[in-house]
Amino acid sequence: MKKFSVALPDELYDAVTERAALEGINISDVVRDTLAREFAFKPHRTIGEVAMEAIRAGATNQQTLAHVHKLFPDSNASAASIAWYRMTLRKEGEAVPTDREAKVAAKWP
C-alpha cells in the first residue's frame, strides 16, 4: 500500500471528519473507501471487519484466525484478538455464538 498526503479545503475536511465520526472509522478509511467507490475498486476491509464477518457467519476462533491470516498474511492477529472481536460483538448485543457453541454447530465453511 502506498501513502500520500493531500491538502483539502476546510469544508471537505469537515465533511470527511464528520463521516468518519458517524461511521466510527478513521479519516484514512473514509478517504480510501470513497476513492475506491469513485474508481470502482473493491472497498478496503479491515482485519476487524473480516474477523467479525466470519464470527457472524458461525466460524470458530481458530477458523476466523486462519481466514484473517489468509487475507492478511502479514497480520499480527492472534487468537486473543479474535476472542476480543467475538466478546465485543456479544457485548454490543449481537447474537453470535461463543467459540464453544461455534465448534459444536460447525456451520462455517
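Position numbers for residues start from 1 in each chain and track the written sequence from start to end. For a predicted model such as this one, the threshold for reporting local features is a pLDDT of at least 70, and the threshold for listing and counting side-chain atom pairs is 80 or more; totals across whole chains, interfaces and linings nevertheless cover every residue. Only hydrogens and water are set aside; all other atoms, that is, all heavy atoms of the structure, feed into the side-chain values.

Caption draft 1: Expanded view of a nonpolar patch on the surface. Residues form patches when they are more than 30% accessible in relative terms and have no salt bridge. Like charges link within 9 Å. Nonpolar side chains (Val, Leu, Ile, Met, Phe, Trp, Tyr) link within 5 Å. Residue-level accessible areas treat just the shown protein chains as cover; the underlying method is Shrake-Rupley with a 1.4 Å probe. The rule for a salt bridge is simple: a side-chain nitrogen of Lys or Arg has to be within 4 Å of a carboxyl oxygen of Asp or Glu. A surface patch of nonpolar side chains, about 840 Å² in accessible area, is lined by F4, V6, L8, L12, Y13, I27, V31, L35 and F39. Those elements that place two or more of their residues in the nonpolar patch are helix 1 (10–23) and helix 2 (27–38). Here F39 is to be found in the loop between helix 2 and helix 3 (47–56). Segments assigned H or I by DSSP are reported as helices when at least four residues long, segments assigned E as strands when at least two residues long, and all are numbered from the N terminus.

Caption draft 2: How the structure looks around the packing of helix 4 (residues 61–71) against helix 5 (residues 79–91). Fitted lines through C-alpha atoms give the axes, limited to the stretch in contact for helices. The angle between two N-to-C directions lies from 0 to 180 degrees. Contact geometry of helix 4 with helix 5 gives a least axis separation of 9 Å together with a crossing angle of 110°. It follows that helix 4 is roughly perpendicular to helix 5 by the angle criterion. In this structure, the crossing between helix 4 and helix 5 has a hand that is right-handed. In contact with N61, T64, L65 and V68 of helix 4, helix 5 contributes A79, I82, A83 and R86. Lys, Arg, Asp and Glu make up the charged group, whereas Ala, Val, Leu, Ile, Met, Phe, Trp, Tyr, Cys and Pro make up the nonpolar group; the residues left over, Gly among them, are polar. Partitioning the contact of helix 4 with helix 5 into residue classes produces five nonpolar, two polar and one charged. Reported orientations rely on four angle classes, namely roughly parallel under 35 degrees, roughly antiparallel over 145, roughly perpendicular from 65 to 115, and oblique for the rest. Less than a right angle of anticlockwise turn of the near helix away from the far helix marks a crossing as left-handed, whereas a clockwise turn marks it as right-handed. A contact between two residues is defined here by any heavy atoms of the two lying within 4.5 Å.

Caption draft 3: Just the environment of F4, in detail. Locating F4 in the fold gives a position in the segment before helix 1. The spatial distance from the C-alpha of F4 to the C-alpha of V31 is 12 Å, given a sequence separation of 27 residues.

Caption draft 4: Helix 5, seen in detail. In this analysis, the expected span of each helix is defined as 1.5 Å times one less than the number of residues it contains. With 13 residues, helix 5 should cover 18 Å at 1.5 Å per step; its first-to-last C-alpha distance of 18 Å lies within 8% of that length. For helix 5, the elements touching its buried residues are helix 3, helix 4 and helix 6 (99–105). Phi turns positive, to about 95°, at G93, one or two residues after helix 5.

Caption draft 5: Looking closely at the pattern of salt bridges. All chains considered together, the criterion is met by five salt bridges. Note that E23 and R19 form a salt bridge whose closest N and O atoms lie 3.7 Å from each other. Of the two residues, E23 and R19 both sit in helix 1, four residues apart, roughly one turn of that helix. A relative accessible area of 39% means that R19 is categorised as partly exposed. Between D29 and R32 there is a salt bridge whose closest N-O contact spans 2.3 Å. Of the two residues, D29 and R32 both sit in helix 2, three residues apart, roughly one turn of that helix. Only protein chains enter the accessibility calculation, which uses a 1.4 Å probe; a residue whose area is less than 20% of its type maximum is buried, one above 50% is exposed, and one in between is partly exposed.

Caption draft 6: Summary view of the packing of aromatic side chains. Put simply, two rings from Phe, Tyr or Trp (the six-membered ring, in Trp's case) pair if the centres are within 6.5 Å, and we call them stacked under 30 degrees between planes, edge-to-face over 60, tilted for the rest. In the structure shown here, the tally under the stated rule is one aromatic pair. Measuring from centroid to centroid gives 5.3 Å for W84 and Y85, while their planes differ by 75°, and the two rings are edge-to-face. Owing to a relative accessible area of 18%, Y85 belongs among the buried residues under this scheme.

So yeah, pure geometry; function would need other evidence.
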